[in-house]
Amino acid sequence: MNHFKLSLLDIGIIVGVTLLVVVIGLLAAKKVKRTTKSYFLASGNMPWYLIGTAFVSTSVASEAIVGTVGATYKGGLGIANWEWWALPTYLLTMIFFIPMYLRNRIATVPELLNRRFGPVCGNIYSIVMLFGYVFIFLPPIIYGGSITLSELTGWNQYYVMTGIVLFTASYTLLGGLTSVMWTDAIQCVLLIGGGILFFFAALDHIPGGWGAMMAASPERFHLYHPPSDTEAPFLGLIVASFGVFLFYQSSNQVMIQRILSARTTWDGMMGIIFAGFINLVRPLVTCLVGMVVYHWLDVMHQGPSLLPDNQDRAFSFALESFAPSGLKGIILAGFFAAVMAAISALSNSIATIFTLDVYRNFWRKQAGDKELIIAGQVSGGAALLIASLVSPLVGTVGLFKYFQTGVTYMATPFISVILMGIFWKRTSYAGAIAGLTGGLAIQIAVAVVLYMLNIHLHWLYVGGIAQVLIILLIIIVSLRSPAPSREQVQPFIWRSSWLGELDDGIKRPWWKHIKVWVALYALAWCYIYWKYW
């Protein structure tokens with residue numbers, strides 16, 4: 001994109017907004033008490049609106065937006081399922097996980113595994129997730145975000161990468177989760193606000209707008225895709241709602257740490273619901289511009305088509321063609337913010353798991369708050385440095401292409417063990433270890449067998465098959481090993497009575513009732529799927 005131009009206004013907006021985010025993060029850091037709970041869990045004092053915006057910011061990465069816009073340009077509205085299909089996993093998280101986490105005052109997912117099963121289970125999670133965060137999650141975000149911004153702006157990629165990492169580290173390492181949450185809120189507003197403006201600016205170039213696009217290509221405006229679809233099979237989405245999707249929202253430390261910081265159960269619940277409402281408009285930001293580009297190029301023939309193999313240029317083409325000066329700066333500032341949000345969330349979660357579940361348990365059991373905070377800052381900084389050094393290699397070998405499959409392989413054993421642990425009191429320590437250690441082997445075996453039989457399945461189906469086999473392994477081993485004690489199991493076995501405690505025993509006006517907002521969210525979600533089924 002050598003002909004892509006940024007005005008002085010655009011550059012000023014990008015620089016000014018980035019500095020604003022850093023300043024807000026540093027100001028939030030000043031208010032953080034130097035205690036472990038304050039640094040790693042924001043003192044358990046976060047309100048619902050910060051939880052909701054942080055939940056969204058953490059799950060949106062700028063390089064993913066580029067890929068999703070391209071995929072929508074190629075495949076149509078079905079790609080929006082990756083954004084809209086949040087209600088099932090959000091409901092499962094709210095009903096079964098949040099009450100259990102908050103009532104037991106869980107600080108990390110390894111702590112949950114340790115207390116429900118035993119120390120080996122928590123250690124496995126810590127080791128696997130720390131490795132995954134540093135070498136699989138962080139490098140693609142750092143590399144992909146920096147190269148995307150470099151290509152769009154013409155700035156040197158390594159200068160962009162260095163700037164993003166240093167700016168993010170400045171407030172993340174100093175203020176911990178409090179700084180991360182406050183900056184995530186600002187970054188969410190920037191990304192969603194700028195993205196919505198961009199979508200309508202692009203749509204304004206289409207005579208007749210959205211209706212004209214639907215009339216011209218009605219086959220591209222369906223959310224339901226058949227089970228054999230290679231991009232977003234609807235059956236695969238349902239399967240993943242109980243597997244990798246549920247893990248990502250309910251048992252992934254990066255995401256669940258936002259819930260663990262809630263000041264009340266009500267705030268945790270409302271935070272998730274607020275994130276759900278934001279997700280209703282998120283496709284405007286993350287993919288629907290691709291629909292506009294398709295109509296402009298392939299229906300109106302205002303330029304050469306990007307198909308079949310150049311669809312990833314759809315976002316940059318739209319930015320160049322549809323965004324005026326000033327709006328380009330707002331959108332790219334939102335991109336910087338999205339990259340910083342994802343990096344800060346991962347860095348903070350790495351610091352939390354390493355400090356509370358590795359450093360304190362294995363090296364310094366009697367460590368005080370000051371020492372633990374320093375350990376968190378050092379580990380978080382080291383993770384950013386290592387991931388930055390590794391990230392060019394990730395770009396060279398194309399590891400990011402296998403990111404979703406890799407996450408599925410990591411997630412399936414953990415979510416299988418956790419689900420069995422909260423629904424079946426007979427799940428034993430040995431059964432959990434078998435599920436965690438044997439889970440990867442089972443998934444590899446499933447993939448090998450399918451390959452040998454020349455059966456090509458979407459990775460969501462492969463994960464689902466593996467999950468069923470892992471659960472069967474957990475059941476068999478649990479039945480053949482000693483049962484856990486009632487005292488150990490009882491606090492973590494889900495009970496329907498927990499649903500009566502979601503309001504913390506506080507009487508609130510009807511418009512603050514969780515059920516009211518869940519119903520409104522569900523109605524809006526159902527309307528969208530009815531409209532575009």
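Thresholds, definitions, all that
Residues numbered from 1 in each chain as written. Predicted model: local features only at pLDDT ≥ 70, side-chain atom pairs only at ≥ 80, totals over all residues. Heavy atoms only, no water. Buried < 20%, exposed > 50% of the residue type's maximum accessible area, 1.4 Å probe, protein only. Core = buried A, V, L, I, M, F, W, Y, C linked by side-chain atoms within 4.5 Å. Helix = DSSP H or I, 4+ residues; strand = E, 2+ residues; numbered from the N terminus. Contact = heavy atoms within 4.5 Å. Axes fitted to C-alpha atoms, helices over the stretch in contact; angles between N-to-C directions. Left-handed = near helix turned anticlockwise from the far one by under 90°. Nonpolar A, V, L, I, M, F, W, Y, C, P; charged D, E, K, R; others polar. Salt bridge = Lys/Arg side-chain N within 4 Å of Asp/Glu carboxyl O. Parallel < 35°, antiparallel > 145°, perpendicular 65-115°, else oblique. pLDDT = per-residue confidence, 0-100. Phe/Tyr/Trp six-rings, centres within 6.5 Å; stacked < 30°, edge-to-face > 60°. Lys NZ or Arg CZ within 6 Å of the ring centre and 35° of its normal. Disulfide = S-S within 2.5 Å. Patch = residues over 30% accessible without salt bridge, like charges linked within 9 Å, V, L, I, M, F, W, Y side chains within 5 Å. Areas by Shrake-Rupley, 256 points an atom, 1.4 Å probe, with all protein chains shown as cover.

### So, unusual backbone geometry
The phi dihedral of Arg-105 falls on the positive side, at around 50 degrees, and the residue is not glycine. Accessibility expressed as a relative area gives 70% for Arg-105, which makes it exposed. One non-glycine residue with positive phi stands out, namely Asn-454, at about 60 degrees. Classification of Asn-454 as exposed rests on a relative accessible area of 56%.

### So, the nonpolar core
One finds Phe-97, Tyr-101, Tyr-125, Tyr-133, Phe-198, Val-293 and Phe-315 to be the most contacted residues of the largest nonpolar core, which totals 165 residues. Here this core takes 20 residues from helix H9 (residues 157–203), the largest share from any one element. Ignoring anything within four residues of it in the chain, the contact list for Tyr-125 reads Val-109, Pro-110, Leu-113, Leu-130, Tyr-133, Phe-247, Ser-251, Asn-252, Gln-253, Ile-353 and Phe-414.

### Observations regarding helix H3 (residues 48–58)
Counted residue by residue, H3 has nine buried out of eleven residues, so it is predominantly covered. Within H3 the residues assigned to the buried category are Leu-50, Ile-51, Gly-52, Thr-53, Ala-54, Phe-55, Val-56, Ser-57 and Thr-58. Looking at the buried side of H3, the elements it contacts are helix H6 (87–103), H9, helix H12 (244–250), helix H13 (253–260), helix H14 (265–286) and helix H17 (327–363).

### A few points about the packing of helix H20 (residues 429–452) against helix H21 (residues 459–479)
Axis separation between H20 and H21 bottoms out at 8 Å; the angle between their running directions is 145 degrees. Every pair of crossing elements has a handedness; the one defined by H20 and H21 is right-handed. Across from Ala-430, Gly-431, Ala-434, Gly-435, Gly-438, Gly-439, Ile-442, Gln-443, Val-446 and Leu-450 in H20, the residues of H21 making contact are Val-462, Gly-463, Ile-465, Ala-466, Leu-469, Ile-470, Leu-473, Ile-474, Val-477 and Ser-478. For the contact of H20 with H21, the per-class residue count stands at 13 nonpolar, seven polar and no charged.

### Points about the pattern of salt bridges
The final tally for this structure, using the stated rule, is four salt bridges. Among the salt bridges present, the one from Arg-115 reaches Glu-111, with a minimum N-O distance of 3.0 Å. Of this pair, Arg-115 and Glu-111 both sit in helix H7 (residues 109–116), separated by four residues, roughly a single helical turn. Here Arg-263 and Asp-267 are joined by a salt bridge, their closest N and O atoms 3.0 Å apart. On the basis of relative accessibility, which here comes to 42%, the residue Arg-263 falls in the partly exposed class.

### What about the packing of H13 against H17?
Look at H13 against H17: their axes get within 9 Å of each other, and the N-to-C directions meet at 80 degrees. Judged on the interaxial angle alone, H17 and H13 are roughly perpendicular. Contact residues: H13 offers Gln-253, Val-254, Gln-257 and Arg-258, while H17 offers Ala-345, Leu-346, Asn-348, Ser-349, Thr-352 and Ile-353.

### Notes on the confidence of the model for the protein
For residues with low pLDDT, the predicted coordinates do not support detailed interpretation. Averaged over every residue, the pLDDT of the protein is 85; the share at 70 or more is 94%. For the protein, helix H2 (residues 36–41) is the element with the lowest average pLDDT, namely 72, and helix H23 (residues 514–531) is the one with the highest, namely 94. Note on residues 397–402: pLDDT is under 50 here. Beyond four places in sequence and across chains, it has five contacts.

### Side note on the packing of aromatic side chains
The relation between two aromatic rings is expressed through the spacing of the ring centres and the mutual angle of the planes. Tallied over the entire structure, the rule returns 35 aromatic pairs. Between Phe-131 and Phe-135, the ring centres sit 5.0 Å apart and the planes meet at 35 degrees, which makes this aromatic pair tilted. Of this pair, Phe-131 and Phe-135 both sit in helix H8 (residues 119–153), four residues apart, which is roughly one turn of that helix. Ring plane angle 75 degrees and centroid distance 5.2 Å describe the contact between Phe-199 and Phe-200, whose orientation is recorded as edge-to-face. For Phe-199, a relative accessible area of 3% corresponds to the buried category. Ring-pair connections join several aromatic residues into one group, and the members of that group are Trp-85, Tyr-224, Phe-234, Trp-525, Tyr-529 and Trp-533. For the cation-ring pair, Arg-220 lies above Tyr-294, with the distance from its terminal atom to the ring centre recorded as 3.6 Å.

### Quick look at the state of the cysteines
Summed over the entire model, instances satisfying the criterion amount to zero disulfides. No disulfide involves Cys-287; its nearest neighbouring cysteine sulfur is the one of Cys-188, lying 16 Å away. Classification of Cys-287 by relative accessible area gives buried; the value is 0%.

### A look at a nonpolar patch on the surface
Residues Val-449, Leu-453, Ile-455, Leu-457, Ile-465, Val-468, Leu-469 and Leu-472 make up a contiguous nonpolar surface patch of roughly 650 Å² in combined accessible area. Mapped onto the secondary structure, Leu-469 falls in helix H21. For Leu-469, a relative accessible area of 37% corresponds to the partly exposed category.

### Notes on H13
One turn of the α-helix equals 3.6 residues, which is why residues spaced by three or four share an orientation. Burial within H13 is extensive, with eight of its eight residues counted as buried. Within H13 the residues assigned to the buried category are Gln-253, Val-254, Met-255, Ile-256, Gln-257, Arg-258, Ile-259 and Leu-260.

### Overview of the environment of Ser-126
By secondary structure assignment, the location of Ser-126 is in helix H8. C-alpha of Ser-126 to C-alpha of Trp-266: the two residues are 140 residues apart in sequence and 29 Å apart in space. Among all residues touching Ser-126, those that are not within four sequence positions of it are Pro-110, Ile-353, Asp-357 and Val-358.

### As for the environment of Pro-392
By the secondary structure assignment, Pro-392 is in helix H18 (residues 369–397). Each C-alpha atom of the pair Pro-392 and Ile-51 lies 32 Å from the other, and the pair is 341 residues apart in sequence. Ignoring sequence-local partners within four residues, the contact set of Pro-392 consists of Tyr-143 and Tyr-158.

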